[in-house]
Amino acid sequence: MSLTDETAQPISRTGDGSTPVSDANDAWETVADFSIESRQGNERAAIQRVREGLAPLNLNARTLDNLSTAVGEATMNAMEHGNKYQEDLPVLVRVEQSHSAIRVSVRDQGEPTAEIEAEAPNLDLKLAGLQTPRGWGLFLIERMVDKVEVVDDHHGHTLHLIVYRRRDAP
Amino acid sequence: MKASPFDVSVRTHPGMAVLDLSGEIDSFAEKPLAHAYAEVEAADPRAVLLNFTDVAYINSTGIALIVGVLAKARTAQRQVFACGLSEHYVEIFNITRLADFMTLFPDEAAALSSAPSL
C-alpha cells in the first residue's frame, strides 16, 4: 500500500476513453456490478456492496479497510463532483479480480473533474487558516490503494482503484 | 447498510473536556460537532480529548471537521488528544498528519493517566 507522500503512486489518466493500463496483461472477472443513486451518504452503501463482493476473496483486514475508504471517497467524488448529487444520475460501481489484482471502478456521468489537479492538502496551512479544511478525498484515495487510473470519455468519468494481490501474501 | 447516525456528548474531567463521538463522522456531523465544541469552549478546559471508541466511520468530510476542531483548539492554546481510534483510522490520522498535532491513546484511561501538562 502507498502510505506516504514519498510512496504514493501518481494517478494515471486516459482522456480518450481507451482501455485503462491495468487491463494490459490481465483477464478480469467481475465479482460485483451495481449502481447507486447520487445522494449524500450513499457512499456507505457502495462500500457495503463492494465488501460483500470481495468477501469470498479473503483479503486481509487492512487491505479491505483501505480499499473501503478509497471506494467511499471515489463514490463521494462521483456523486458530488461528477453527478452533482442528481439522484437520477447513478454512480456505477464494478468490482473485478484477476490473478494479480483487485480492481474497483467507480463511474459517474459528469464532465472530467477538475479536482484531480486540486491543491494537495497541507495540514499546516489548514490549521493556519490558509487552506480550506476540506480536500482530503483524492489524497486518501491515492494512499489507500496501489494504483489509481482515471479514464474520461464523452459519457463520464471513471476512477479505477487497483490493489495488487501479492500484498495479501502471508 | 444500516446507518449509524453521528452523536456527540461532552464530559469534563479536571483540566480536560472529553468529547464522546459515536456513529459516522461525515457531513451530517458538522452541526452537532460544532455545538458540542462550543460547549467545550464555554468550559474553557486546558485540553480536549476526542473519544472515537464508538465511531464506525470517518470520511474525508469528517477529517475536515476534525481539522476544524483542532484549529479552534490550537487557536485557544488548548491541547488536543484522541483515543479509541481503530487501527485503520490511526493509519489515516498518520497519513493526514493529524497525529502530529494530537497525541493518540488507545483508550480514555490511558489518555487521562498519560496526558502531559494537565
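Basis of the calculations
- Residues numbered from 1 in each chain as written.
- Chains lettered and ligands numbered in written order.
- Predicted model: local features only at pLDDT ≥ 70, side-chain atom pairs only at ≥ 80, totals over all residues.
- Heavy atoms only, no water.
- Helix = DSSP H or I, 4+ residues; strand = E, 2+ residues; numbered from the N terminus.
- Buried < 20%, exposed > 50% of the residue type's maximum accessible area, 1.4 Å probe, protein only.
- Contact = heavy atoms within 4.5 Å.
- Areas by Shrake-Rupley, 256 points an atom, 1.4 Å probe, with all protein chains shown as cover.
- pLDDT = per-residue confidence, 0-100.
- Pairing = 2+ DSSP bridges.
- Axes fitted to C-alpha atoms, helices over the stretch in contact; angles between N-to-C directions.
- Buried area = accessible area lost by both parts, 1.4 Å probe.
- Salt bridge = Lys/Arg side-chain N within 4 Å of Asp/Glu carboxyl O.
- Polar contact = N/O pair within 3.5 Å; in protein donor to acceptor, adjacent residues only side chain to side chain.
- Nonpolar A, V, L, I, M, F, W, Y, C, P; charged D, E, K, R; others polar.
- Core = buried A, V, L, I, M, F, W, Y, C linked by side-chain atoms within 4.5 Å.
- Parallel < 35°, antiparallel > 145°, perpendicular 65-115°, else oblique.
- Left-handed = near helix turned anticlockwise from the far one by under 90°.

**Section: the overall build of chain B**
Per the secondary structure count, chain B includes four helices and five strands. When its C-alpha atoms are laid out on the principal axes, chain B stretches across 40 × 25 × 25 Å. Evaluated residue by residue, chain B yields a buried proportion of 53% over its 118 residues. A separation threshold of at least 6 residues defines the contact pool for chain B, and within that pool the share at least 24 residues apart is 67%. As displayed, chain B has an accessible area near 5,400 Å², and 51% of this comes from carbon and sulfur atoms.

**Examining the confidence of the model for chain B**
Residue and element names in this part refer to chain B. Confidence in the prediction for chain B averages 94 pLDDT; 94% of positions are at 70 or higher. Looking at the elements of chain B, mean pLDDT is at its lowest for helix α4 (residues 108–114), recorded as 91, and at its highest for helix α3 (residues 87–95), recorded as 98. Interface scoring of the predicted complex returns ipTM 0.91; its pTM is 0.88.

**Description of the sheet that holds strand β1 (residues 7–13) of chain B**
All names here are of chain B. An order of β1-β2-β3-β4-β5 is seen for the five strands of this open sheet, with the pairing classed as mixed. In this open sheet, the two edge strands, each paired with only one partner strand, are β1 and β5 (103–105). Each neighbouring strand pair of the sheet contributes to a mean axis angle of 25°, computed without reference to strand direction. Looking at chain direction, strand β2 (residues 16–25) and strand β3 (residues 47–58) are connected through nine bridges and run parallel. Bridge pairing links L19 to L50 in β3. Here helix α2 (residues 60–75) sits on the sheet and contacts β2, β3 and β4 (79–83); the angle it forms with β3, its principal contact strand, is near 175°.

**Observations concerning the interface of chain A and chain B**
Contacts between the two partners involve 25 residues from chain A, matched on the other side by 22 residues from chain B. When the two sides are added together, the surface that chain A and chain B hide from each other amounts to roughly 2,200 Å², 63% of it contributed by carbon and sulfur. For the interface between chain A and chain B, the tally reads three salt bridges. Between E24 of chain B and R44 of chain A there is a salt bridge, with the nearest N and O atoms lying 3.1 Å from each other. Inspection of the region where chain A meets chain B yields 11 residue pairs in polar contact (both at pLDDT 80 or more). Breaking the side of chain A that touches chain B down by element, the ones donating at least two residues are α1 (43–54), α2 (61–82), α3 (123–127) and α4 (137–144) of chain A. The element contributing the most residues to the side of chain A that touches chain B is α2 of chain A, with six residues. Here the side of chain A that touches chain B is built from residues that sort into 10 nonpolar, six polar and nine charged.

**A closer look at α3 of chain B**
Among the residues of α3 of chain B, H88, Y89, E91, I92, F93 and I95 of chain B are the ones counted as buried. Of the surrounding elements, those touching the buried residues of α3 of chain B are α2 and α4 of chain A together with β3, α2 and β5 of chain B.

**What about unusual backbone geometry?**
Residue and element names in this part refer to chain B. With a phi angle near 50°, D44 is a residue other than glycine that sits in the positive phi range. Along the chain, D44 turns up in the loop between α1 (30–43) and β3. When its relative accessible area of 54% is taken as the criterion, D44 is described as exposed.

**A short note on the nonpolar core**
Core analysis: the largest hydrophobic core is formed by 74 residues, its most contacted members being L161 of chain A together with L21, L50, F52, I58 and F93 of chain B. In terms of residues, this core owes the most to one element, α2 of chain B, which gives nine residues. Apart from the residues within four sequence positions on either side, F93 of chain B is in contact with F52, I58, I63, I66, L85, L98, A99, M102 and L104 of chain B.

**A short note on the packing of α1 of chain A against α2 of chain A**
Residue and element names in this part refer to chain A. Across the interface, α1 lies against α2 with an axial gap of 8 Å and an inter-helix angle of 140°. Judged by the angle between their axes, α1 and α2 are oblique. As α1 packs across α2, the resulting crossing turns out to be right-handed. Packed against α1, whose contacting residues are E43, A46, I47, V50, R51 and L54, the element α2 presents L64, D65, L67, S68, V71, G72, T75, M76 and M79 at the interface.

**A few points about the pairing of strand β4 (residues 101–108) of chain A**
Residue and element names in this part refer to chain A. Of all eight residues in β4, seven are buried, a share of seventy percent or more. Relative to β4, strand β3 (residues 91–97) runs antiparallel, the two being bridged by six bridges. Its bridge partner lying in β4, V93 is registered against V106. Counted along the chain from β3 to the antiparallel partner β4, the turn is three residues long. Both β4 and strand β6 (residues 156–164) contribute to a ladder of eight bridges, which runs antiparallel.

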